[in-house]
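The residues making up each chain are set out below.
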Amino acid sequence: MGGAQFVDMAIEKQDLAYIEKGWPIMRRAIDRIEMLVLNMLAFSRGADIEISPMDLNALVEEVLNTVRARAEHINVHLEFDPAETAIIEADSRGAYRVLLNLITNALDACEANGGTVTVRTYANPGGAYVEVKDTGCGIPSELMPKLSEAFVSTKGGGGTGLGLACSYKIVHDHGGTISVESEPGKGAIFTVFLPARGNTSAAPTHLMQPSAKKE
């Protein structure tokens, strides 16, 4: 609404300087509205998973390019450590949403003081992994067991609590898991495991539940 008021003033006064002030505010709001609506749709009704081969490294690059401008604006350095090869079979839209949610959350955690967000991919015959690590504020220990629940937010009043719940649901629908390690004030590491197609064995047990980070 604040951005819209600047645009109204630009029209009224015929002064484009007000648009230069208002548009960045509106752009950020539109991005947040889009993410909220898509997460609500994915969480509430789900979606048919359309599995196809995809390059996990290329998908990570796409998400990083999407958030790069914001990262620079809040003084967060983005790093990517890709696997030599990471061809997986997954739903590309769902995988994109999971990575966007996790990397956006990592940026949010670093927003106050800057920092680094590192994404790493690796794979083995059982499946592929994506690790999203940040040097931000960390997650309170009392929230760790509740991260997969809807409307539980690590951002207090600044979050909807749907992004992580949506991500857990999408990964679960793929037969995978999300694990998290964190300590307040020392950042967090989220690890997504997506099993290879046809691999019916259980996900690694150490990836099944959130755990406190141990130094």
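Only a predicted model underlies this, so the values are computations on that prediction, with no experimental measurement involved.

Draft legend 1. Structural view of the state of the cysteines. Scanning the model with the defined rule gives zero disulfides in all. Here cysteine 110 stays free of any disulfide, with the sulfur of cysteine 137 as its closest cysteine sulfur at 7.8 Å.

Draft legend 2. Seen up close, the environment of valine 117. Along the chain, valine 117 turns up in strand β4 (residues 115-124). Looking at valine 117, the relative accessible area reads 0%, which means it is buried. Those residues in contact with valine 117 that lie beyond four places of it in its chain are Val76, His77, Leu78, Glu79, Ala106, Leu107, Cys110, Val132, Lys133 and Asp134.

Draft legend 3. Seen up close, helix α4 (residues 92-110). With 19 residues, α4 should cover 27 Å at 1.5 Å per step; its first-to-last C-alpha distance of 27 Å lies within 8% of that length. Counting buried residues in α4 gives 16 out of 19 residues, a clear majority hidden from the surface.

Draft legend 4. A look at helix α5 (residues 163-173). Among the eleven residues that make up α5, eight are buried, leaving the element largely enclosed by the rest of the structure. Residues of α5 that are buried: Gly163, Leu164, Ala165, Cys166, Ser167, Tyr168, Ile170 and Val171. Where α5 terminates, the next one or two residues include glycine 175, which has phi positive at roughly 85°.

Draft legend 5. Structural view of the pattern of salt bridges. Within the structure shown, the criterion is met by six salt bridges. Residue arginine 93 is joined to glutamate 50 by a salt bridge in which the shortest nitrogen-to-oxygen separation is 3.6 Å. Within this pair, whereas arginine 93 is found in helix α4, its partner glutamate 50 is found in the loop between α2 (17-45) and β1 (51-55), the two being separated by 43 residues in sequence. The class for glutamate 50 is exposed, based on a relative accessible area of 52%. Among the ionic pairs, arginine 70 bridges to glutamate 111, the shortest N-O distance being 3.0 Å. Placement of arginine 70 in helix α3 (residues 56-73) and of glutamate 111 in the loop between α4 and β4 is noted, with a sequence separation of 41 residues between them. What makes arginine 70 partly exposed here is its relative accessible area of 26%. In this structure glutamate 111 comes out as partly exposed when scored by relative accessible area, which is 38%. Bridged by salt links that share partners, the residues Arg70, Asp108 and Glu111 form one connected network.

About the cut-offs
- Residues numbered from 1 in each chain as written.
- Predicted model: local features only at pLDDT ≥ 70, side-chain atom pairs only at ≥ 80, totals over all residues.
- Heavy atoms only, no water.
- Disulfide = S-S within 2.5 Å.
- Helix = DSSP H or I, 4+ residues; strand = E, 2+ residues; numbered from the N terminus.
- Buried < 20%, exposed > 50% of the residue type's maximum accessible area, 1.4 Å probe, protein only.
- Contact = heavy atoms within 4.5 Å.
- Expected span 1.5 Å × (residues − 1).
- Salt bridge = Lys/Arg side-chain N within 4 Å of Asp/Glu carboxyl O.

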